[in-house]
Amino acid sequence: MLFPTAACLLLALCCPPASGSSQEQKQTFATMPSHQTAVAGSTVVLPCRVLNFHGLVQWTKDGFGLGTTRDLEGFSRYSMIGSDEENDFSLRIVQATLADDADYQCQVSSPTDKPIRSDVAHLTIYVTPTYPKIDYMPIATAGVPYTLSCLTDGARPAPEMQWVDEKGSVITKGTQYHRRVRPDGKLIDTNFTYTFTPTRHHNGRTLTCQVFSPALNTALTTEAVIRVKYPPHVQLVFSPAKLKEGEEAFVTCKVDANPNNVTYRWFREGKEVPGAAGATMPLGVLSRSNQSATIACEVTNALGTARKTDQLNILYPPMFVAEPSSVSGEIGNMVTMKCRVDANPTAEIYWSRLRDNELVGTGEELTIEASKATAGVYVCSARSESFPSLDAQLHLRLRGPPRIKTPSVLVVREGQNAVLRCSVVSVPHPVSLTWEKEGVSLSPDGDWEVKEDQRADGVVSTLTIFNVSQDDFASYNCTVINEYGVGTQQIILQRPQSHSNQRHHKDLSVKPNNRTSLRDMNSDAARSTSGRADSDNKEERSRANSSLSEGERESDSGWEKNSTNCSGKRDLTPSLSRAHYTSATTVFPPPVKKMIQNLFV
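Residues numbered from 1 in each chain as written. Predicted model: local features only at pLDDT ≥ 70, side-chain atom pairs only at ≥ 80, totals over all residues. Heavy atoms only, no water.

*Asks:* Residues and numbers for the overall build of the chain, please.
*Replies:* Helices and strands together make up the secondary structure of the chain, namely six helices and 48 strands. For the chain, buried positions account for 43% of its 601 residues. Relative to all contacts within the chain whose residues are 6 or more apart in sequence, the contacts with residues 24 or more apart total 66%. For the chain, the exposed area adds up to about 31200 Å²; of that, 49% sits on carbon and sulfur atoms. (Helix = DSSP H or I, 4+ residues; strand = E, 2+ residues; numbered from the N terminus. Buried < 20%, exposed > 50% of the residue type's maximum accessible area, 1.4 Å probe, protein only. Contact = heavy atoms within 4.5 Å. Areas by Shrake-Rupley, 256 points an atom, 1.4 Å probe, with all protein chains shown as cover.)

Here it is in structure tokens:
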């Protein structure tokens with residue numbers, strides 16, 4: 001039964017003082033209650049201790065008295081605890097409920113003084129939220145928005161909640177509170193939702209709902225495992241991982257799909273491969289011709305179709321796109337040597353001089369100035385990771401008039417075969433090579449044969465005279481013309497001599513400084529023809545010409561061909577009348593070069 005404060009005070013006025021000495025000092029509070037919070041079901045103690053006590057004590061709840069006895073009759077869960085000796089009248093509440101959520105005050109009466117009252121203390125009762133549960137559809141579909149609801153009921157105050165992913169990260173995007181206050185105005189039901197668009201990566205992941213409240217010492221948690229249906233996701237895996245030329249290979253279609261009941265289709269260079277319907281397709285033995293070929297795998301399940309396309313990346317050693325060719329040039333001109341290579345990985349190309357192995361450049365082309373110092377052999381070296389290097393030798397030759405290297409005397413016995421060799425160094429190749437006997441072209445009726453062995457830097461012409469007779473012992477001239485000049489060499493065919501002072505002939509190789517002007521050459525040629533036969537006889541004369549075509553003479557690539565021979569007796573038109581030289585070279589001035597070329601077109 002609750003007593004109003006006024007009634008309590010009237011009773012206190014009728015009570016006699018506890019002792020005569022207590023009237024001398026006023027009652028005061030040693031301790032008084034303050035605001036508190038408590039969780040429903042717990043025990044609460046509101047303190048109240050009085051100094052100089054000589055009256056009555058009563059607790060009020062929301063302004064109504066609870067009684068003056070310690071057991072507080074009528075309020076089974078309430079009592080005033082403490083001892084009279086200590087004047088302690090603290091209020092204890094056991095099994096606290098929401099009904100205990102109120103304002104409390106400790107009041108003390110006095111027969112002689114005015115009653116005293118403590119500060120009003122509010123007791124707030126918290127109610128723990130229920131254990132959360134997650135409401136969601138058991139299966140989500142990739143690309144379709146999906147919502148999970150985390151529910152907790154009957155809490156006070158309203159709880160704080162959050163969604164956490166597998167990594168422990170708090171999810172903030174897509175979350176929302178939905179709260180409902182119950183009719184009593186105190187308890188709150190909460191629905192905390194998380195809406196997102198799932199992908200295949202969400203399949204099998206765990207999401208956690210956490211609930212926080214002042215009524216809890218630790219958070220309440222519950223989990224949900226997400227199951228997602230999604231169309232195939234495809235990857236191509238090659239075996240071996242590094243594809244190499246000459247090796248057999250396979251490709252596997254690695255599929256992630258839910259449901260995993262799938263079908264396969266394979267495509268190569270955009271065309272479906274007949275009979276290929278499994279997860280793996282053979283590629284056969286690889287070659288560089290397969291490089292960058294497209295391979296595609298198409299996979300279908302109940303939710304859709306996916307295709308993955310990839311290009312073959314085949315490793316293969318360096319190979320020349322075109323055989324490197326030697327080059328030639330006039331002194332002072334710039335020349336370019338090329339070394340074009342196909343390799344994967346791309347080859348690094350290095351240029352070096354053969355004679356000293358000095359690095360002189362890098363890249364597919366080497367451009368240098370032609371000179372006596374730079375002429376020679378160069379090495380192009382192509383290096384690709386994991387493969388042996390590919391090397392080629394190229395010559396840089398200097399263009400100029402022909403030079404002849406051959407012995408000037410040949411000794412044979414009568415009846416033997418005589419072999420006269422005319423070794424010519426000529427860059428560019430000769431446009432004419434002629435044999436003469438005593439200044440006259442060889443007779444077409446003679447028993448002889450001419451063969452030519454073409455070299456990269458010239459030609460070797462061999463004149464064979466069969467069954468040498470008395471008339472064959474004479475002097476023979478080998479005459480060569482290229483666009484830069486004329487070179488001639490005399491070879492004397494003689495019998496063996498018995499005396500010791502046999503005449504020796506020096507090697508009459510053509511030297512660049514032995515030059516005859518074109519005017520002198522033509523003048524001498526005119527004199528040499530004065531004693532010859534008429535024009536009809538001239539047409540019957542024969543000579544051996546270089547068998548290289550004009551196109552090949554202009555291209556150094558023609559020089560690098562395998563040597564070929566030409567032989568037999570041939571009726572050939574003479575280019576120019578020949579003088580009887582021992583050895584000489586004629587150098588053409590630049591304006592004359594084209595004119596000489598045109599003579600032999």
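What follows continues from the structure just given.
*Asks:* Run through the nonpolar core, naming residues and quoting values.
*Replies:* W59, Y78, L91 and Y104 are the most contacted members of the largest nonpolar core, which totals 27 residues. Ranked by the residues each element gives to this core, the list is headed by strand 10 (residues 102-108), at four residues. Ignoring any residue separated from it by four or fewer positions in sequence, one finds Y104 in contact with L46, W59, T60, K61, Y78, L91, I93, D119, V120, A121 and L123. Judged by nonpolar contacts, the second largest core, of 23 residues, contains V234, A249, A293 and A306. (Core = buried A, V, L, I, M, F, W, Y, C linked by side-chain atoms within 4.5 Å.)

*Asks:* Can you explain the sheet that holds strand 35 (residues 359-362)? Please cite residues and give values.
*Replies:* Consider a sheet: its strands pair through backbone hydrogen bonds, and that pairing is either parallel or antiparallel. The strand order across the open sheet built from five strands is 31-38-37-34-35, with neighbouring strands paired in mixed fashion. The two strands at the open ends of the sheet, each matched to only one other strand, are strand 31 (327-329) and strand 35. Here the strands of the sheet are splayed against their neighbours by 25° on average, with no regard to which way each runs. Where strand 37 (residues 376-383) lies against strand 38 (residues 390-398), seven bridges are found, and the strand directions are antiparallel. From the neighbouring strand, V379 faces strand 38, where its bridge partner is Q393. (Pairing = 2+ DSSP bridges. Axes fitted to C-alpha atoms, helices over the stretch in contact; angles between N-to-C directions.)

*Asks:* Break down the side chain of S384 for me, citing the residues and quoting the values.
*Replies:* Along the polypeptide, S384 turns up in the loop between strand 37 and strand 38. In contact with S384, not counting residues within four places along its chain, are P318, A343, N344, P345 and A347.

*Asks:* For the state of the cysteines, give the residues involved together with the corresponding values.
*Replies:* Scanning all chains against the criterion turns up five disulfides. Each sulfur in the disulfide pair C48 and C106 lies 2.0 Å from the other. Residues C48 and C106 are joined by a disulfide whose S-S torsion is about -65°; by sign, that bridge is left-handed. With C48 in the loop between strand 4 (44-46) and strand 5 (49-51) and C106 in strand 10, this pair connects stretches of sequence that are 58 residues apart. Taking only the cysteines that form disulfides and numbering them from first to last, the chain has the pattern 1-2, 3-4, 5-6, 7-8, 9-10. (Disulfide = S-S within 2.5 Å.)

*Asks:* Describe in detail the environment of D453, supporting the description with residues and values.
*Replies:* Among the structural elements, D453 can be located in strand 44 (residues 448-455). The exposure class assigned to D453 is partly exposed, which follows from its relative accessible area of 22%. Counting along the chain gives 30 residues from D453 to S423, while the straight-line C-alpha distance between them is 9.4 Å. A distance of 3.0 Å separates a polar atom in the side chain of D453 from a polar atom in the side chain of R455. (Polar contact = N/O pair within 3.5 Å; in protein donor to acceptor, adjacent residues only side chain to side chain.)

*Asks:* How would you sum up the confidence of the model for the chain? Please name residues and give values.
*Replies:* The share of residues in the chain with pLDDT of 70 or more is 79%, and the mean pLDDT across the chain is 83. Note on residues 1-23: pLDDT is under 50 here. Beyond four places in sequence and across chains, it has 37 contacts. Across residues 590-601, where pLDDT falls below 50, the model places 17 contacts with residues more than four positions away in sequence or in other chains. (pLDDT = per-residue confidence, 0-100.)

*Asks:* Any details on the pattern of salt bridges? Residues and values, ideally.
*Replies:* Here the structure, examined in full by the defined rule, presents 18 salt bridges. Of the charged contacts in the structure, one is a salt bridge between D342 and R288, with a shortest N-O distance of 3.9 Å. One end of the pair, D342, is in strand 33 (residues 341-344); the other, R288, is in the loop between strand 27 (280-285) and strand 28 (294-301), with 54 residues separating them in the sequence. Across the salt bridge formed by E358 and R353, the nearest N and O atoms sit 2.6 Å from each other. Accessibility expressed as a relative area gives 16% for R353, which makes it buried. (Salt bridge = Lys/Arg side-chain N within 4 Å of Asp/Glu carboxyl O.)

*Asks:* Outline unusual backbone geometry, supporting the account with residue identities and numerical values.
*Replies:* At the junction of N344 and P345, the peptide bond is cis and its omega measures out at 5° in the coordinates. The residue P345 is located in the loop between strand 33 and strand 34 (348-353) in this model. The phi dihedral of D62 is positive, around 50°, even though this residue is not glycine. You can see D62 is positioned in the loop between strand 6 (57-61) and strand 7 (64-65). A positive phi angle, close to 75°, is found at S386, a residue other than glycine.

*Asks:* Tell me about the sheet that holds strand 28, residues and numbers included.
*Replies:* Ordered in space as 26-25-28-29, the four strands form an open sheet in which the pairing is antiparallel. Of all strands in the sheet, those with a lone pairing partner are strand 26 (271-272) and strand 29 (304-311), marking the two edges. Of the strand pairs in this sheet, strand 28 and strand 29 are connected by eight bridges, and their pairing is antiparallel. Its bridge partner being in strand 29, C297 is matched across the sheet by K308.

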